[in-house]
Amino acid sequence: MDTQLKKGVLDICVLAAVSRKDSYGYQIIRDVSSCVTISESTLYPILRRLESGGFLAVYSVAHNGRLRKYYRITDTGRRKIKDFFEEWQDLVRIHDFICQEAETDE
Amino acid sequence: MNKKQYFRRLKFLLRSLPRGEREKILQFYREILEDKIENGIPEENAVNELGDVHVLAQKILAENPVRRQMSPGKIVAIVLVSFFGVVLVAALTAAALGFAAYTQVKTSATASSSSTRDGGEKESRTYAAAADGVLTVQVNAENKKIELVSTDGDQITAQYCTAQDQVYKLSNQNGVFSVANKDLSHGSRFPDSWINGSVIDPADLITVKIPKDFAGDITVETSNSAIAASDFSKLGGFRCETSNSAICLSGISARDVKLESSNALISMENISTAGQLSARTDNAAISLERIASPDIKLETTNGMIRGTIQGRENDYTIDADTTNAVSNLQSRSGGEKKLSVHTSNGLIHIDFDE
């Protein structure tokens, strides 16, 4: 998939992955990987971006004698998912336009 | 490459990043690695999945941002992290007390057995050598609390406890008394004190007894466990490095002292050095009580730095700053001695006793 397009969508995937239940790094990777490949080094900047943008809140929980960082979606984060669905309608229109134009070209 | 080597290399490659940022990044990858191992992926494979360490470092460096303004979400996170820091310190203090009780019972025994929490057998062992001729005491452990105890004798003694998944290597050659431990449990046996709060398992501890007037160097490296030392009157270089755990020192006179930890307190009481005294941690406080040094460097994030320094404020050229909190130190030049104090989101309060 085109990297620019993927980049925008991945942010939403990560938000979606924590939207039902607070989650942590490895779990997010596993959940998101079921639809699109994501590596640790891709996830880190996304989480940092979402955190600094106020879309995610972070807290630590002791797990097996170490700390594990959990991510919780904020109201702003939920709004971002909603915005995505609205933007998606625009994308569908763009998609339709591309299909139509591409067809007339042939 | 095992995980320790991988992260040591990664830490080195990311050395140009601000320390706080670098620790956060390392913690992130470490956490995922531990989670993978916990999910049954062998350590070697889990490490390999991270890819070539140089490639990863380059990627991280390429996307490393300039420091940003704090978002409210981040402040909440910091408060939470600090809270856990306090909980950890409390747990460790309790663990230390628990241990004190343990040593008092065991001092006369050289070897004794008890059963481990996983049912396996473990045995306490002692390794001793004459201090004469030893230039350096070196401890290199994993997930072990390290206690350095001063004695009136002229021997250096290491006490430790064997267990199934622990490898120890002790030696005394070419002037180096060395205690090395590898924890093969892959993190499945983190210190008990983390889990049940108060009692430290003897297998999670190494005690090194060293003559009070030992004049050589001491280097201690461990992880996820505390380092404690007290009462040494003329050490050379003294270096301690751990992670996620406190470093507590008292009554030490040395040529220079260098302390590094993360997510936990560094506490120093009656410490004096002829050269530099430096202490660095993250997300936790640095506390000092009557320290004396011509060159003091204190650095943390999200924690306060407070205490007393011997001497007069005017003797020091001061470089101090914090963000989102107050400092009672004014940066100033003209002093013969150097004092550098840096934190963020934490108070700085340092008094001079003259």
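So, here's what we can say about the structure. Predicted model only: the values in this text are computed from it and were never measured.

Our focus in this paragraph is the overall build of chain B. Along chain B, the regular secondary structure elements total six helices and 19 strands. Residue burial in chain B is summarised as follows: out of 354 residues, 52% are buried. Put simply, of all contacts in chain B between residues at least 6 apart along the chain, 47% involve residues at least 24 apart. Counting only carbon and sulfur atoms, one obtains 51% of the accessible surface of chain B, whose full area is about 15700 Å².

All right, on to the overall build of chain A then. For chain A, the count of helices and strands is four helices and three strands. Along chain A, helices and strands appear, N-terminal first, in the series α-β-α-α-β-β-α. Split into buried and exposed, the 106 residues of chain A put 40% on the buried side. Here the analysis covers contacts within chain A between residues at least 6 apart in sequence; of these, 48% occur between residues at least 24 apart. Just so you have it, chain A exposes about 6300 Å², and 53% of that area is on carbon and sulfur atoms.

Of all the residues in helix α4 (residues 53-63) of chain B, the buried ones are Val-53, Leu-56, Ala-57 and Ile-60 of chain B. For α4 of chain B, the arc enclosing every buried residue in end-on projection is 100 degrees, short of the 170-degree limit, so these residues lie on one face. Summarising the geometry of α4 of chain B, the exposed residues directed more than 90 degrees from the buried face are Val-55, Gln-58 and Ala-62 of chain B. Of the surrounding secondary structure, the elements contacted by the buried residues of α4 of chain B are α3 (40-52) of chain A together with α1 (3-13) and α2 (19-38) of chain B. Looking at where α4 of chain B begins, the residue whose side-chain oxygen comes 2.8 Å from the main-chain nitrogen of His-54 of chain B is Asp-52 of chain B.

Turning our eyes to something else, we now look at the nonpolar core. Core analysis: the biggest nonpolar cluster contains 54 residues, and Leu-148, Phe-238, Met-268, Leu-298 and Ile-350 of chain B have the highest contact counts within it. Each residue touching Met-268 of chain B, except ones within four places of it in the same chain, is listed here: Leu-249, Leu-259, Leu-277, Ala-279, Ile-286, Ser-287, Leu-288, Glu-289, Ile-291 and Leu-298 of chain B. The next biggest cluster of nonpolar side chains, apart from the first, holds 46 residues, and it includes Ile-29 and Val-32 of chain A together with Leu-13 and Ala-46 of chain B.

This paragraph deals with the pairing of strand β18 (residues 337-342) of chain B. Residue and element names in this part refer to chain B. Examined bridge by bridge, strand β15 (residues 295-299) and β18 share five bridges and lie parallel to one another. Each residue of the ladder has a partner; that of Glu-299, found in β18, is His-342. As paired strands, strand β17 (residues 316-321) and β18 are joined by six bridges and run parallel to one another. Of the residues in β18, the one forming a bridge with Asp-321 is His-342.

Take a nonpolar patch on the surface next. Residues and elements named next belong to chain A. A cluster of nonpolar side chains, Leu-5, Trp-88, Leu-91, Val-92, Ile-94, Phe-97 and Ile-98, forms an exposed patch at the surface whose accessible area comes to about 620 Å². For the nonpolar patch, the element with the most residues is helix α4 (residues 75-105), which contributes six residues. Mapped onto the fold, Ile-94 is located in helix α4. Residue classification places Ile-94 among the partly exposed residues on the basis of a relative accessible area of 44%.

A few words now on the sheet that holds strand β2 (residues 56-63) of chain A. Read across the sheet, three strands follow the order β1-β3-β2 (chain A) without closing on themselves; strand pairing throughout is antiparallel. Two strands in the sheet have a free side with no partner beyond their single neighbour: β1 (23-24) and β2 of chain A. Here β1 of chain A runs beside strand β3 (residues 66-73) of chain A; their pairing, made up of two bridges, is antiparallel. Bridging from a neighbouring strand, Ser-23 of chain A pairs with Tyr-71 of chain A of β3 of chain A. Sheet contacts for α2 of chain B: β1, β2 and β3 of chain A; angle to β3 of chain A, the most-contacted strand, approximately 100 degrees.

It is worth spelling out the packing of α3 of chain A against α4 of chain B at this point. Two elements in contact, α3 of chain A and α4 of chain B, have axes whose closest approach is 10 Å; the angle formed by their N-to-C orientations is 20 degrees. In terms of orientation, α3 of chain A lies roughly parallel with respect to α4 of chain B. In the crossing of α3 of chain A with α4 of chain B, the sense of the turn from one axis to the other is right-handed. Along the contact surface, α3 of chain A presents Ser-41, Thr-42, Pro-45 and Arg-48 of chain A, while α4 of chain B presents Leu-56, Lys-59 and Glu-63 of chain B.

Turning to the environment of Asn-172 of chain B, a few remarks are in order. All names here are of chain B. Within the secondary structure, Asn-172 is located in strand β6 (residues 166-173). Accessibility expressed as a relative area gives 32% for Asn-172, which makes it partly exposed. Note: C-alpha distance between Asn-172 and Thr-136 (36 residues apart in sequence) is 9.7 Å. Ignoring any residue separated from it by four or fewer positions in sequence, one finds Asn-172 in contact with Tyr-127, Ala-129, Val-134 and Phe-177.

Let us look at the pattern of salt bridges. All names here are of chain B. Under the counting rule described, the total for this entry stands at 26 salt bridges over all chains. Glu-147 serves as the salt-bridge partner of Lys-145, at 3.2 Å between the closest nitrogen and oxygen. Between Arg-239 and Glu-221 there is a salt bridge, and its shortest N-O distance comes to 3.7 Å. Here Glu-221 lies in strand β9 (residues 217-221) and Arg-239 lies in strand β10 (residues 227-241), a separation of 18 residues in the sequence. Judged by its relative accessible area of 29%, Arg-239 is partly exposed. Judged by relative accessible area, which is 18%, Glu-221 ranks as buried. One salt-bridge network, in which partners are shared between bridges, spans Arg-8, Lys-11, Glu-221, Arg-239 and Glu-241.

Rules used throughout
- Every chain begins its residue count from 1, and numbering advances along the sequence as written.
- Following the order in which they are written, the chains are lettered starting with A and the ligands numbered starting with 1.
- Restriction of local features to residues with pLDDT of at least 70 applies here, the model being predicted, together with a cutoff of 80 or more for giving and counting side-chain atom pairs; totals for whole chains, interfaces and linings are based on all residues.
- To obtain the side-chain values, all non-hydrogen atoms of the structure were included, while hydrogens and water were left out.
- Counting from the N terminus, the helices are the DSSP runs of H or I reaching at least four residues and the strands are the DSSP runs of E reaching at least two.
- Burial classes: relative accessible area under 20% of the type maximum marks a residue as buried, over 50% as exposed, and values in between as partly exposed (1.4 Å probe, protein chains only).
- Only heavy atoms matter for contacts: two residues are in contact if any of them lie within 4.5 Å across the pair.
- Residue burial considers only the protein chains on display, and all accessible areas are found by Shrake-Rupley using a 1.4 Å probe.
- The directions from the helix axis to the C-beta atoms are what the arc is built from.
- Whenever two N or O atoms come within 3.5 Å, that pair is a polar contact, provided that in protein one can donate a hydrogen and the other can accept it, and provided that, for residues adjacent in sequence, both atoms are side-chain atoms.
- Residues belong to a common nonpolar core when they are buried Ala, Val, Leu, Ile, Met, Phe, Trp, Tyr or Cys residues joined through side-chain atoms within 4.5 Å.
- Each pair of strands is called paired provided DSSP finds at least two bridges between the two strands.
- Here the term patch refers to residues with relative accessible area over 30% and no salt bridge, with like charges joined within 9 Å and nonpolar side chains (Val, Leu, Ile, Met, Phe, Trp, Tyr) within 5 Å.
- The term salt bridge refers to a pairing of a side-chain nitrogen on Lys or Arg with a carboxyl oxygen on Asp or Glu at a separation within 4 Å.
- Helix axes use the C-alpha atoms of the stretch in contact, all axes being lines fitted to C-alpha atoms, and the angles between their N-to-C directions lie in the range 0 to 180 degrees.
- Any angle that is under 35 degrees is reported as roughly parallel, and any over 145 degrees as roughly antiparallel; angles of 65 to 115 degrees are reported as roughly perpendicular and all others as oblique.
- For any pair of crossing helices, the crossing counts as left-handed if the nearer helix is rotated counterclockwise from the farther one by less than a right angle, and right-handed if it is rotated clockwise.

Any functional reading would require information beyond the geometric quantities listed.
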